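Residue strings, one per chain:
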Amino acid sequence: MRDSSICDKQVACSLLYMAMRDPASWLMDTQKILECVHGNMEFICTVTARHSLESLLFLLIKRCPKDTVMSLLKIAPSCDSTALAMWEVMLSLPSTLETICNELLSVIQDQLPQGQFNFAEDVHGLPSAATKVLCKLTHQPICQEKLKALFAKVFMGLVFQISYTAEFLQHTTEIFWTYSEWHQADQPSPFRFAVEAIKALLCAAGYEEHVQSIQKEGGWDMLLRAETLHRGISLLAR
């Protein structure tokens, strides 16, 4: 569906409409479809082709929300500009907002460290990818108003992600020391995206003064370190 020729565009659109008419036969591998979309989206500029692409994303998120969210997180864990555009398209339908947020929060909460935990790998795993997506979405004007409707659920999910992970780190000596070395080496905090998302969410909900108050007392910096986390959360909860 790249903008190479009129013929190519027409063929691509025809194939896409066929897939949408009979999704059970065509939409067999969600991840491969999304990989194709992610790799070509920036080259698709015509109105007809973009509309077809958006229709496909709508169909995927409606038919298989869990697979769609998980697959896009795996394809673009850093949530690059193309992935962000795909998330925004799927969120543009009122009926998909809560579905997507629930799936992202499920990834954050259901895949928190249990048992064996590789710090270097897990801080960059799917929970981190889902948190990055929520962080970036909370900074997008077109998403902020919609996310306000789910403020309590998203807010508590992000706080849970920070506190649970930090608690796990503190109660597992080997991991805690790995985290301490990581932090002392001036590596970015694994909690930074959750903290940024919370700040943006509060601002979108009209709590700018609370955000500034926490900033003055150093609360946001406290939330970035496992050692000062409880103090930061107490400031957040006031």
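All values derive from a computational prediction rather than experimental measurement.

(A) Helix 3 (residues 30-40), seen in detail. Residues of helix 3 that are buried include every one of Thr 30, Ile 33, Leu 34, Val 37, His 38 and Asn 40, and no others. Two or three places before Gln 31, at the start of helix 3, stands the capping residue Asp 29, its side-chain oxygen 3.3 Å from that residue's backbone nitrogen.

(B) Here's a closer look at the nonpolar core. Residues Leu 73, Trp 87, Leu 104, Ile 198 and Trp 220 are the most contacted members of the largest nonpolar core, which totals 64 residues. Once residues within four sequence positions are removed from consideration, Trp 87 is found in contact with Val 69, Leu 72, Leu 73, Cys 79, Ile 100, Leu 104, Val 133 and Leu 137.

(C) Structural context of the packing of aromatic side chains. A complete count under the given rule lists two aromatic pairs for this structure. Both rings, one in Phe 151 and one in Tyr 207, keep their centres 5.8 Å apart while their planes meet at 45°; by these two values the pair is tilted. Remark: Tyr 207 occurs in the loop between helix 13 (192-204) and helix 14 (208-216) and Phe 151 occurs in helix 11 (residues 151-170); sequence separation between them is 56 residues. Among the aromatic residues, those joined into a cluster by ring pairs are Phe 151, Phe 155 and Tyr 207.

(D) Representation of unusual backbone geometry in the model. For Cys 79, which is not glycine, the phi dihedral falls at a positive 55°. Tracing the backbone through its elements, the reader meets Cys 79 in the loop between helix 5 (65-75) and helix 6 (81-91). The exposure class of Cys 79 is buried, given its relative accessible area of 1%.

(E) Seen up close, the packing of helix 7 (residues 97-110) against helix 9 (residues 126-138). At a minimum axis distance of 8 Å, the contact between helix 7 and helix 9 shows a crossing angle of 145°. Crossing of helix 7 over helix 9 shows left-handed handedness. Contacts from Leu 104, Leu 105, Val 107 and Ile 108 in helix 7 reach Leu 126, Pro 127, Ala 130, Thr 131, Val 133 and Leu 134 in helix 9. Its residues placed into classes, the contact of helix 7 with helix 9 shows nine nonpolar, one polar and no charged.

(F) Just helix 16 (residues 229-237), in detail. All of the buried residues in helix 16 are Leu 229, Gly 232, Leu 235 and Leu 236. When helix 16 is viewed along its axis, its buried side chains cluster within an angular range of 125° and face the same direction. Opposite its buried face, helix 16 presents the exposed residues His 230 and Ala 237, each directed more than 90 degrees away.

(G) Expanded view of the environment of Leu 59. When you line up the elements, Leu 59 lands in helix 4 (residues 47-63). Once the C-alpha coordinates of Leu 59 and Met 90 are considered, the two residues, 31 residues apart in sequence, prove to be 9.3 Å apart.

(H) The pattern of salt bridges, seen in detail. Using the criterion set out here, one finds three salt bridges in the structure. One salt bridge in this structure joins Lys 199 and Glu 196, with 3.5 Å as the shortest N-O distance. Highlighted residues: Lys 199 and Glu 196, both in helix 13, separated by three residues, approximately one helical turn. On the basis of relative accessible area, Lys 199 is assigned to the buried category, the value being 19%.

(I) Layout of the confidence of the model for the protein. Here the protein averages 78 in pLDDT, and 74% of its residues register 70 or above. Least confident of the elements in the protein is helix 8 (residues 119-122), whose mean pLDDT is 44; most confident is helix 5, at 94. In the predicted structure, residues 115-124 sits below a pLDDT of 50 and forms 16 contacts with residues beyond four places in sequence or in another chain.

(J) Highlighting the packing of helix 5 against helix 6. Across the interface, helix 5 lies against helix 6 with an axial gap of 11 Å and an inter-helix angle of 165°. The orientation of helix 5 with respect to helix 6, classified from their angle, is roughly antiparallel. Where helix 5 crosses over helix 6, the handedness of that crossing is left-handed. For the pair helix 5 and helix 6, contact is made by Thr 68, Val 69, Leu 72 and Leu 73 and by Ala 83, Met 86, Trp 87 and Met 90, respectively. Each residue belonging to the contact of helix 5 with helix 6 can be placed in one class, and the counts come to seven nonpolar, one polar and no charged.

Scoring rules and cut-offs
- Residues numbered from 1 in each chain as written.
- Predicted model: local features only at pLDDT ≥ 70, side-chain atom pairs only at ≥ 80, totals over all residues.
- Heavy atoms only, no water.
- Buried < 20%, exposed > 50% of the residue type's maximum accessible area, 1.4 Å probe, protein only.
- Helix = DSSP H or I, 4+ residues; strand = E, 2+ residues; numbered from the N terminus.
- Polar contact = N/O pair within 3.5 Å; in protein donor to acceptor, adjacent residues only side chain to side chain.
- Core = buried A, V, L, I, M, F, W, Y, C linked by side-chain atoms within 4.5 Å.
- Contact = heavy atoms within 4.5 Å.
- Phe/Tyr/Trp six-rings, centres within 6.5 Å; stacked < 30°, edge-to-face > 60°.
- Axes fitted to C-alpha atoms, helices over the stretch in contact; angles between N-to-C directions.
- Left-handed = near helix turned anticlockwise from the far one by under 90°.
- Nonpolar A, V, L, I, M, F, W, Y, C, P; charged D, E, K, R; others polar.
- Arc of directions from axis to C-beta.
- Salt bridge = Lys/Arg side-chain N within 4 Å of Asp/Glu carboxyl O.
- pLDDT = per-residue confidence, 0-100.
- Parallel < 35°, antiparallel > 145°, perpendicular 65-115°, else oblique.

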